[in-house]
Structure formats: C-alpha cells, structure tokens
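# Geometric and topological summary
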Amino acid sequence: MSTEFPVEITAEAAQQAARVLTRNPEMGSFIRLGVKGGGCSGFEYLFRIDSARREGDVSLTLGGVEFVVDPKSSKFLLGARLIVTGNLLGPGLAFENPNAAKSCGCGTSFTPKNL
C-alpha cells in the first residue's frame, strides 16, 4: 500500500478545518477523512475530529492542520479533492471524488465505480 496521501486538500478546506479544530480542541488533534458503509448511495464520507491513530494511517499536514486517512478509505478517496462548500448554514467540507459513479443530493454519500 502506498503511503502517499490520497486526497488533494484545498487551502480553503484546510482553513475551514483549522477553524473547526480551534473551536473543539477537546475532541482531538487531527481531522480524520474516510469512507464507511451506509448513506443513501451505499457509502458515506467521514469527516471527524479524532485523536486515535490506526495501523496503516497516512497523514498530511497542511496549514497547520493534520489530516489522516485509513488504508481502506484510501482506495475510495484516491484522487479526490476536499473543498469548502457553502449553504444557508455556512461553510462545510465536501469531496469531489472521481471514484464516485453517482452521489446523493446531500453530498455526503456516494456509490463507488466498479462496485
């Protein structure tokens, strides 16, 4: 398994993540990005403040924020881009994922290609 970080993170996404970490320091020290089964399209994206490392995790520090992805999620996120989106509730993080055959309107779940 490659140790290269699978996700491109925009500067704006790193800034948004830094704001989230600053407001919630008791929750952990880095942002875990991942994929888990569920959601309305089969898989859902995971964005979470975390402090527990897992075997095989890869990490990238950008703008003073550490982002971590586990090995299973890496294959679904390879080539994805983490961006900031905006809505009536304010800015949020979302993936632009070339591995998604289709995505739900909510933007938090997807069906991977070649499943």
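Notes on the structure in this doc start here. (Residues numbered from 1 in each chain as written. Predicted model: local features only at pLDDT ≥ 70, side-chain atom pairs only at ≥ 80, totals over all residues. Heavy atoms only, no water.)

### Let's talk about the overall build of the chain
A count of helices and strands for the chain gives 2 helices and 9 strands. Per-residue burial over the chain gives 40% buried out of 115 residues. Approximately 6,600 Å² of the chain is accessible, and the part contributed by carbon and sulfur atoms is 53%. (Helix = DSSP H or I, 4+ residues; strand = E, 2+ residues; numbered from the N terminus. Buried < 20%, exposed > 50% of the residue type's maximum accessible area, 1.4 Å probe, protein only. Areas by Shrake-Rupley, 256 points an atom, 1.4 Å probe, with all protein chains shown as cover.)

### Topic: the packing of aromatic side chains
Applying the stated criterion to the full structure yields 3 aromatic pairs. Ring geometry for Phe 43 against Phe 76: centres 4.9 Å apart, planes inclined by 35°, an arrangement best described as tilted. You can see Phe 43 sitting in strand E3 (residues 43–50) and its partner Phe 76 sitting in helix H2 (residues 71–77), a full 33 residues away along the chain. Residue class for Phe 43 comes out buried when judged on its relative accessible area of 17%. When the ring of Tyr 45 is compared with that of Phe 95, the centres are 4.7 Å apart and the planes differ by 40°; the resulting orientation is tilted. (Phe/Tyr/Trp six-rings, centres within 6.5 Å; stacked < 30°, edge-to-face > 60°.)

### Topic: the pairing of strand E4 (residues 58–62)
Taken together, the 5 bridges between E4 and strand E5 (residues 65–69) define a ladder with antiparallel strand orientation. Each bridged residue has a counterpart across the sheet, and for Val 58 the counterpart in E5 is Val 69. The antiparallel pairing of E4 with E5 creates a hairpin that spans 2 residues between the two strands, and Gly 63 there sits at a positive phi of about 60°. (Pairing = 2+ DSSP bridges.)

### A look at the environment of Phe 30
Position of Phe 30 relative to the elements: it lies in strand E2 (residues 30–37). Once the C-alpha coordinates of Phe 30 and Gly 64 are considered, the two residues, 34 residues apart in sequence, prove to be 9.9 Å apart. Apart from the residues lying within four places of it in its own chain, the contact partners of Phe 30 are Leu 21, Arg 48, Ile 49, Asp 50, Ser 51, Ala 52, Arg 53, Glu 66 and Val 68. (Contact = heavy atoms within 4.5 Å.)

### Section: the nonpolar core
In terms of nonpolar packing, the biggest core is built from 23 residues, with Phe 5, Ile 9, Ile 31, Leu 33, Phe 67, Leu 82 and Phe 95 touching the most fellow members. Sorting the residues of this core by element identifies strand E1 (7–9), helix H1 (11–23), E2, E3, E5, H2 and strand E6 (80–87) as the ones contributing at least two each. With 4 residues, H1 is the largest single contributor of residues to this core. Residue contacts for Ile 31: discarding those within four places in its chain leaves Ala 17, Leu 21, Arg 48, Ile 49, Val 65, Glu 66, Phe 67 and Val 68. (Core = buried A, V, L, I, M, F, W, Y, C linked by side-chain atoms within 4.5 Å.)

### Re the pattern of salt bridges
For side chains bearing opposite charge, pairing can occur when the charged atoms are close. The final tally for this structure, using the stated rule, is 7 salt bridges. Salt-bridge contacts for Glu 8 lead to Arg 81; the nearest nitrogen and oxygen are separated by 3.3 Å. Highlighted residues: Glu 8 in strand E1 and Arg 81 in strand E6, separated in sequence by 73 residues. Residue classification places Glu 8 among the partly exposed positions, given a relative accessible area of 47%. Take Arg 81: its relative accessible area is 31%, and that puts it in the partly exposed class. (Salt bridge = Lys/Arg side-chain N within 4 Å of Asp/Glu carboxyl O.)

### A few points about the pairing of E2
Extensive coverage of E2 is indicated by the burial of 6 of its 8 residues. As defined by bridge partners, E2 adjoins E3 across 8 bridges and the pair is classed as antiparallel. The partner of Leu 33 across the bridge, within E3, is Phe 47. Note: E2 against E5, 3 bridges, orientation parallel. Across the sheet, Leu 33 pairs through a bridge with Val 69, a residue of E5.

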